[in-house]
There are 2 protein chains.
Amino acid sequence: MPDLGIVGGGQLGRMLLYAAWRWGLDCRVLGRSSTDPCAEICPGFRTLDWNDTEKLIHWGRDISCFILEIEHVDVAVLEAWERANKRVFPSSQTLRLIQDKHKQKEFLSGKGCSVADFEYLSSVEMLAPRHASGFLKSCREGYDGRGVFQLGSAFPFREDLPSFPCLWEKGVEIKQEISVLASQDMEGHVRFYPPVEMVFDPDSHMMDYAICPAPLSEEEKERAFSLAAQVLEAFDSAGLFAIEMFHTVEGEWYVNEVAPRVHNSGHHTIEGHPTSQFEQMIRLAMGYPLGETHHLFFSATLNWVGAAGSSGSSGPFEYSGLQEVLSTPQAYPHIYGKKELRPFRKMGHVTVLAKEPSELHEKLSFLRPRIRDGVRLIGSSLG
Amino acid sequence: MPDLGIVGGGQLGRMLLYAAWRWGLDCRVLGRSSTDPCAEICPGFRTLDWNDTEKLIHWGRDISCFILEIEHVDVAVLEAWERANKRVFPSSQTLRLIQDKHKQKEFLSGKGCSVADFEYLSSVEMLAPRHASGFLKSCREGYDGRGVFQLGSAFPFREDLPSFPCLWEKGVEIKQEISVLASQDMEGHVRFYPPVEMVFDPDSHMMDYAICPAPLSEEEKERAFSLAAQVLEAFDSAGLFAIEMFHTVEGEWYVNEVAPRVHNSGHHTIEGHPTSQFEQMIRLAMGYPLGETHHLFFSATLNWVGAAGSSGSSGPFEYSGLQEVLSTPQAYPHIYGKKELRPFRKMGHVTVLAKEPSELHEKLSFLRPRIRDGVRLIGSSLG
């Protein structure tokens, strides 16, 4: 009988597998495509029609514990597993609250968590001049900046808008985007990882790099943790949560979004912390005590994304700066094994460690421009 | 076209896979049994009749690089791959020198490496009273203390002797058993890991625990490194070498055995060093620069072996002390996923890290007696 079912076959699932296998766990993975990052490494990988709820439920019949690495799963599947007394992370209740961006915000706001002003817009006709300074997000879609749209031009807005219904959020002057990874086990014990600052590219809206611990004063850190604790209390459910926050120029703190799963803002925990986010997820899913979360090193994470204009399938691909990464002390490349290249698709990441922030920034300055060229087919020159 | 072929499907292969997959490498594994540790985690795993040289050669036809995780492979297979311009670690030449314990010792001695007195004994009739204080090792077999026999009783020796021909080695009064892991890339760059002390159980001859860095004076460390450098020079070949040495009570240093591969005395490098031995092996096989080898932490390794009297197949198994390991800061369990339990079979290990030796010894004193009960079938009570 398999120990663990991983729902979603992407890089997060792949890194969950590494952690689970180290402990001898027998794993099954449910993916969407035979080219998923988990496909080539897991004999227990399979694909199914994700719209066929009955088939998904049936897939899990012999598995006692599930970890989702994505959020686009029919909640009815999770409910069926829970009725059969299986452990599911996140719970169906949490997933339901998370899946709709407007419901999520309303829920958090109702629980007293600080969020920026927001509105529910059922259709494009509801847009008004007052929405100009803000963001539109499709309620049901959106990932990696897709489905998120920054308004700001003159009304009526001319740009391609995301599909409605939408959540509108008031724009705030952001000083820092912070992510706090929080873990809560089945007995209610809680452990936070140190806050991470995610620095975004203003043009692509993609993450440029992340840094841990985030440069915050003790007081600011306390604000971040207390907001994270409020969010955990609101969900009142065992699991791992990545809580993304805005720290504004005015010193306000708002919850931006919550992902109830391992998250790309936590990759540095693999090398930089006693317990990686993946191991932590496995610990709490298997009923083991939570591991330590403090930082052993200062760390930064850089993403390898598909180069602008790049595309191709099966590779081989060239990861810009890989040689330099491999020559840099305590720089750890992670390549996800994706077989299809698209512009801005996440293909891998690099974690860089240092004993001191100054050393970290030196390494970061050296590697960042080299990794930024991204991933392309070997032999192609896209300038 | 696969990037890497791993020859041998045991726990060493499994840990090589983790390192290779993190870098997106496409791997094939050749094992002996469908219950090998690599079998359940690698879609590219297969078994073959290892006596069928032609089939083994054919298995590797599409693979450009091979890493052996065992030594019992027909050298003709490696030679065929080398003739086809494939990279093979260790080289056929190295493997040939290593496979026969007497040839290995003769080779090392001929190259000026310090070894204890030894003799070649073609048959049991060659045993004489002068051999009483010494060890007998089958030339062609022997692994994990099997095939190694300590003499010492009155001549004629009555005990079950290993199969001949044998290497006889004079017993020396051992103060410490030291292992130095050395890596040499294809351009001749060399990096040593800090020496490890392996402490053996006097009754079972199994490793009790290993500790890194070994407690050695600067001068002793230099002796260990210079002996390791001599061994590397002797083999004159790219690869990873675990060089096991005796440090005697009289202050002499002797090479005991050389394993031209990743080794159980290097497991602590996964968590305790910037570059694990597995990553280092992959680096040099793929032509990447060698990674840093110094220790980031003080570390100890404990093995989980099958409990005395235990046996069983498919499990589930109970790993004694697992709960305590998971509650100890920076203690990392590794479970190999073996499906068959036998007394003293290596089933897993635990690496413990600490910032100071005193803290390490505290953790070790706590965990050692708990892990020593070993592995048994759940529900069995073997007292």
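Residues numbered from 1 in each chain as written. Chains lettered and ligands numbered in written order. Predicted model: local features only at pLDDT ≥ 70, side-chain atom pairs only at ≥ 80, totals over all residues. Heavy atoms only, no water.

A.B. asks: Summarise the confidence of the model for chain A; cite the residues concerned and give the values.
C.D. replies: In this model, chain A carries a mean pLDDT of 94, and residues with pLDDT of at least 70 account for 96%. Under the prediction, the complex receives an ipTM of 0.95, its pTM being 0.96. (pLDDT = per-residue confidence, 0-100.)

A.B. asks: Explain the packing of aromatic side chains to me, using residue names and the numbers behind them.
C.D. replies: On inspection of all chains with the given rule, the structure shows 18 aromatic pairs over all chains. Here F297 of chain A and F297 of chain B contribute two aromatic rings whose centre-to-centre distance is 6.3 Å and whose plane-to-plane angle is 75°, an arrangement assigned as edge-to-face. One end of the pair, F297 of chain A, is in the loop between α8 (277-286) and β16 (298-305); the other, F297 of chain B, is in the loop between α8 (277-286) and β16 (298-305), on a second chain. Exposure remark for F297 of chain B: the relative accessible area of 6% places this residue in the buried category. (Phe/Tyr/Trp six-rings, centres within 6.5 Å; stacked < 30°, edge-to-face > 60°. Helix = DSSP H or I, 4+ residues; strand = E, 2+ residues; numbered from the N terminus. Buried < 20%, exposed > 50% of the residue type's maximum accessible area, 1.4 Å probe, protein only.)

A.B. asks: Which residues make up the interface of chain A and chain B, and what values go with them?
C.D. replies: Listed per partner, the contact involves 32 residues of chain A and 32 residues of chain B. Surface buried jointly by chain A and chain B totals about 2900 Å² across both partners, of which 58% is contributed by carbon and sulfur atoms. Its largest share of buried area at the contact with chain B, chain A owes to W21, R22 and L326 of chain A, together 22% of the area lost on that side. Our enumeration of links across chain A and chain B arrives at 0 salt bridges. Mapped by element, the contributors of at least two residues to the side of chain A that touches chain B are α1 (11-22), α8, α9 (322-327) and β19 (331-335) of chain A. When its residues are assigned to classes, the side of chain A that touches chain B shows 18 nonpolar, 6 polar and 8 charged. (Contact = heavy atoms within 4.5 Å. Buried area = accessible area lost by both parts, 1.4 Å probe. Salt bridge = Lys/Arg side-chain N within 4 Å of Asp/Glu carboxyl O. Nonpolar A, V, L, I, M, F, W, Y, C, P; charged D, E, K, R; others polar.)

A.B. asks: Outline the sheet that holds strand β8 (residues 148-150) of chain B, supporting the account with residue identities and numerical values.
C.D. replies: All names here are of chain B. The sheet built from 4 strands is open, its strands ordered β6-β9-β7-β8 with antiparallel pairing. Sheet topology places β6 (118-121) and β8 at the edges, where each strand pairs with a single neighbour. For this sheet, the mean inter-axis angle between neighbouring strands, taken without regard to orientation, is 20°. Note: strand β7 (residues 134-138) against β8, 3 bridges, orientation antiparallel. Across the sheet, residue K137 finds its bridge partner in β8, namely V148. Its contacts with the sheet put helix α5 (residues 101-110) on β6, β7 and β9 (166-170), and the angle it makes with β6 is roughly 145°. (Pairing = 2+ DSSP bridges. Axes fitted to C-alpha atoms, helices over the stretch in contact; angles between N-to-C directions.)

A.B. asks: Tell me what's going on with the packing of helix α4 (residues 92-99) of chain B against α5 of chain B, and back it up with residues and numbers.
C.D. replies: Residues and elements named next belong to chain B. In contact at an axis separation of 5 Å, α4 and α5 are set at 110° when each is read in the N-to-C sense. As judged from the angle between their axes, α4 and α5 are roughly perpendicular. When α4 is examined against α5, the residues L97, I98 and Q99 are found in contact with a partner set consisting of K101, K103, Q104 and F107. (Parallel < 35°, antiparallel > 145°, perpendicular 65-115°, else oblique.)

A.B. asks: Account for the sheet that holds strand β2 (residues 27-31) of chain A, with residues named and values stated.
C.D. replies: All names here are of chain A. Spatial ordering of the open sheet is given by β3-β2-β1-β4-β5, a layout of 5 strands whose pairing is parallel. In this open sheet, the two edge strands, each paired with only one partner strand, are β3 (45-47) and β5 (87-89). Each neighbouring strand pair of the sheet contributes to a mean axis angle of 20°, computed without reference to strand direction. As judged from the 3 bridges shared by β2 and β3, these two strands associate in the parallel manner. If you follow G31 over to β3, its bridge partner there is T47. α8 contacts β1 (4-7), β4 (65-68) and β5 of the sheet and is inclined by roughly 150° relative to β5.

A.B. asks: Go over the relation of the copies chain A and chain B with me, naming the residues and quoting the values.
C.D. replies: Note on the copies: chain A fits chain B at an RMSD of 0.0 Å, the axial shift is 0.0 Å, and the rotation between them is 180°. Interpreted geometrically, this transformation is the action of a two-fold axis. Relative to the rotation axis, the C-alpha of P43 of chain A is the closest in chain A, positioned 2.4 Å from it. By residue overlap, the copies meet face to face through one surface: 100% of the interface positions of chain A are interface positions in chain B. (Least-squares fit on C-alpha atoms with pLDDT ≥ 70 in both.)

A.B. asks: Hey, could you go over the pairing of β16 of chain B for me, with residue numbers and the actual values?
C.D. replies: Residues and elements named next belong to chain B. Of all 8 residues in β16, 7 are buried; the element is thus mostly enclosed. With 4 bridges connecting them, strand β13 (residues 207-212) and β16 associate as antiparallel partners. Counterpart to I211 in the pairing with β16 is A300. Note: β16 against strand β21 (residues 346-354), 8 bridges, orientation antiparallel.

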